[in-house]
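So you can see what is in the structure, the chains are spelled out below.
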Amino acid sequence: MEYDPISVALKFGFLAVLYLFVLVIARSAFKDLRRTLAPAPDQTGFHAAPAFAEAPRGPDGWLIAERGGGLEREHRFDLIGGLSIGRSKEADVRIDDRYASSLHARVFSRQGRFFVEDMNSTNGTLLNGATLQGEAELVDGDNVQIGDTVFRFEVGP
């Protein structure tokens, strides 16, 4: 079996390039390992966690059912963590109102203040009788109306 000298030279050339490539990779890895043998504390990514003061708690807020939605009058809904209102089973406050969307509106707190937001509902949300566009801050005594269902917002200590 005879081999063409050019083909043998190409095979050895390819092997030489392959070994050179492996050598360069190994050398680079050893340099990286040697460089990180004793890293500085700020290069490890581990830092002492900053001490956080307890977040100031704002006042508690409630939505109180005034009328409609199949809810008992004066039923109080705590707003800790916020809540969603709608006809869907996924809503935190499920109302039986034909004018309400599945997830109609949400009430949430931000930096100690409470807000109501219409969730692009079909029939809209009323805040003190005015159509709500996007989100608005709630003030003690505000009325939120979804269809025929009315809630009163209250803030407590």
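Computed from a predicted model, the values in this text were never measured in an experiment. (Residues numbered from 1 in each chain as written. Predicted model: local features only at pLDDT ≥ 70, side-chain atom pairs only at ≥ 80, totals over all residues. Heavy atoms only, no water.)

Trainee: Teacher, can you tell me more about the pattern of salt bridges here?
Mentor: When the charged atoms of two side chains with opposite charge come close together, those side chains can pair. Taken as a whole, this structure holds 7 salt bridges when the rule is applied. E154 is the partner of R152 in a salt bridge, and the nearest nitrogen-oxygen pair spans 2.8 Å. Here R152 falls in the buried class, since its relative accessible area comes to 18%. Residue E154 is classed as partly exposed on the basis of its relative accessible area, which comes to 23%. (Salt bridge = Lys/Arg side-chain N within 4 Å of Asp/Glu carboxyl O. Buried < 20%, exposed > 50% of the residue type's maximum accessible area, 1.4 Å probe, protein only.)

Trainee: Any chance you could explain the confidence of the model for the chain here in plain terms?
Mentor: Caution applies to low-pLDDT regions: their predicted coordinates should not be interpreted in detail. Per-chain confidence: the chain averages 85 in pLDDT, with 83% of residues scoring 70 or above. The element-level mean pLDDT for the chain is lowest in helix α1 (residues 5-35), coming to 89, with strand β10 (residues 143-146) highest at 93. (pLDDT = per-residue confidence, 0-100. Helix = DSSP H or I, 4+ residues; strand = E, 2+ residues; numbered from the N terminus.)

Trainee: Just checking my understanding: could you explain the sheet that holds strand β3 (residues 83-86) for this structure?
Mentor: In a beta sheet, neighbouring strands pair by backbone hydrogen bonds and run either parallel or antiparallel. With mixed pairing, the 5 strands of this open sheet are ordered in space as β4-β3-β5-β6-β9. Lying at the two open borders of the sheet, with one neighbouring strand each, are β4 (93-94) and β9 (135-137). Across 3 bridges, the pairing between β3 and strand β5 (residues 105-110) is antiparallel. Across the sheet, residue L83 finds its bridge partner in β5, namely V107. (Pairing = 2+ DSSP bridges.)

Trainee: Please explain a nonpolar patch on the surface as it appears in this structure.
Mentor: A contiguous nonpolar surface patch, about 890 Å² in accessible area, is contributed by F12, F14, L15, L18, Y19, F21, V22 and I25. Here Y19 lies in helix α1. The exposed category is assigned to Y19, whose relative accessible area is 59%. (Patch = residues over 30% accessible without salt bridge, like charges linked within 9 Å, V, L, I, M, F, W, Y side chains within 5 Å. Areas by Shrake-Rupley, 256 points an atom, 1.4 Å probe, with all protein chains shown as cover.)

Trainee: Sorry, what's going on with the environment of E117 here?
Mentor: Mapping E117 onto the fold places it in strand β6 (residues 113-118). Taking the C-alpha atoms as reference points, E117 and H104, 13 residues apart in sequence, are found 8.8 Å from one another. Not counting residues within four places of it along the chain, the set of residues in contact with E117 comprises H104, A105, R106, F108, L132, G134 and E135. Of note is the side chain of E117, whose polar atom sits 2.6 Å from the side chain of R106. (Contact = heavy atoms within 4.5 Å. Polar contact = N/O pair within 3.5 Å; in protein donor to acceptor, adjacent residues only side chain to side chain.)

Trainee: Please clarify how unusual backbone geometry should be interpreted in this entry.
Mentor: Working note: non-glycine residues mostly have negative phi, and peptide bonds are mostly trans. In this structure, E74 is a non-glycine residue whose phi angle is positive, near 70°. Looking at where E74 falls in the secondary structure, it is placed in the loop between β1 (60-67) and β2 (76-78). The backbone of Q111 shows a phi angle near 55°, a positive value even though the residue is not glycine. Along the chain, Q111 turns up in the loop between β5 and β6.

Trainee: I keep staring at the sheet that holds strand β7 (residues 126-127) and nothing clicks. Help me out?
Mentor: Pairing is antiparallel in the open sheet, where 6 strands are placed in the order β2-β1-β11-β10-β7-β8. Edge positions in the sheet fall to β2 and β8 (130-131), since each has one partner strand and no second. Pairing of β1 with β2, which is carried by 3 bridges, proceeds in the antiparallel orientation. Paired with W62 across the bridge in β2 is D78.

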